[in-house]
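Close look at the chain arrangement
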Amino acid sequence: MTGFARVDGHADGYSWTFEVKSVNGRNLDIRCRQPAGFDTLEAAARAEIPKRLARAAST
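Residues numbered from 1 in each chain as written. Predicted model: local features only at pLDDT ≥ 70, side-chain atom pairs only at ≥ 80, totals over all residues. Heavy atoms only, no water.

So, the pairing of strand 1 (residues 2-11)
Convention followed: Relative accessible area decides the class of each residue, using a 1.4 Å probe on protein chains only: under 20% of the type maximum gives buried, over 50% gives exposed, and in between gives partly exposed. Each helix is a run of DSSP H or I of at least 4 residues and each strand a run of E of at least 2, with the numbering of both proceeding from the N terminus. For two strands to be treated as a pair, DSSP must find no fewer than two bridges joining them.
The element strand 1 is largely exposed, with a buried count of one among its 10 residues. Counting the residues in the hairpin turn of strand 1 and strand 2 (residues 14-23) gives two residues, including Asp12, whose phi is positive at 50°.

Topic: the pattern of salt bridges
Spelled out, the test is: Salt bridges are defined as contacts in which a side-chain nitrogen from Lys or Arg sits within 4 Å of a carboxyl oxygen from Asp or Glu.
This structure, assessed with the given rule, holds six salt bridges. Taking the shortest distance from any N to any O, the salt bridge between Arg6 and Glu19 comes out at 3.0 Å. Here Arg6 is found in strand 1, whereas its partner Glu19 is found in strand 2, with 13 residues between them in sequence. The class of Arg6 is partly exposed, set by a relative accessible area of 47%. Of the residues examined, Glu19 reaches a relative accessible area of 35% and is grouped as partly exposed. Among the ionic pairs, Glu48 bridges to Arg52, the shortest N-O distance being 3.0 Å. Highlighted residues: Glu48 and Arg52, both in helix 1 (residues 41-52), separated by four residues, approximately one helical turn.

A few points about a nonpolar patch on the surface
Inclusion rule: Like-charged residues within 9 Å of one another, or nonpolar side chains (Val, Leu, Ile, Met, Phe, Trp, Tyr) within 5 Å, are grouped into patches, provided each residue has over 30% relative accessible area and no salt bridge. Residue-level accessible areas treat just the shown protein chains as cover; the underlying method is Shrake-Rupley with a 1.4 Å probe.
Residues Val7, Tyr14, Trp16, Phe18, Phe38 and Leu41 make up a contiguous nonpolar surface patch of roughly 640 Å² in combined accessible area. Element by element, the count of residues in the nonpolar patch is highest for strand 2, at three residues. Its location among the elements puts Phe38 in the loop between strand 2 and helix 1.

So this is what it looks like as structure tokens:
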């Protein structure tokens with residue numbers, strides 16, 4: 001099963017885009033792309049994302 005979601009947002013002069021893609025995977029593989037200077041956010045994102053996403057039960 002595959003899935004895709006995209007959300008764009010902005011606040012306080014910043015804008016962002018979040019994309020989530022899934023292609024028949026059982027493991028969570030997080031890939032972050034951010035502009036130079038925001039590299040420290042990747043560790044926080046890798047810690048927080050698994051807390052907010054869950055695999056749906058198979059039928």
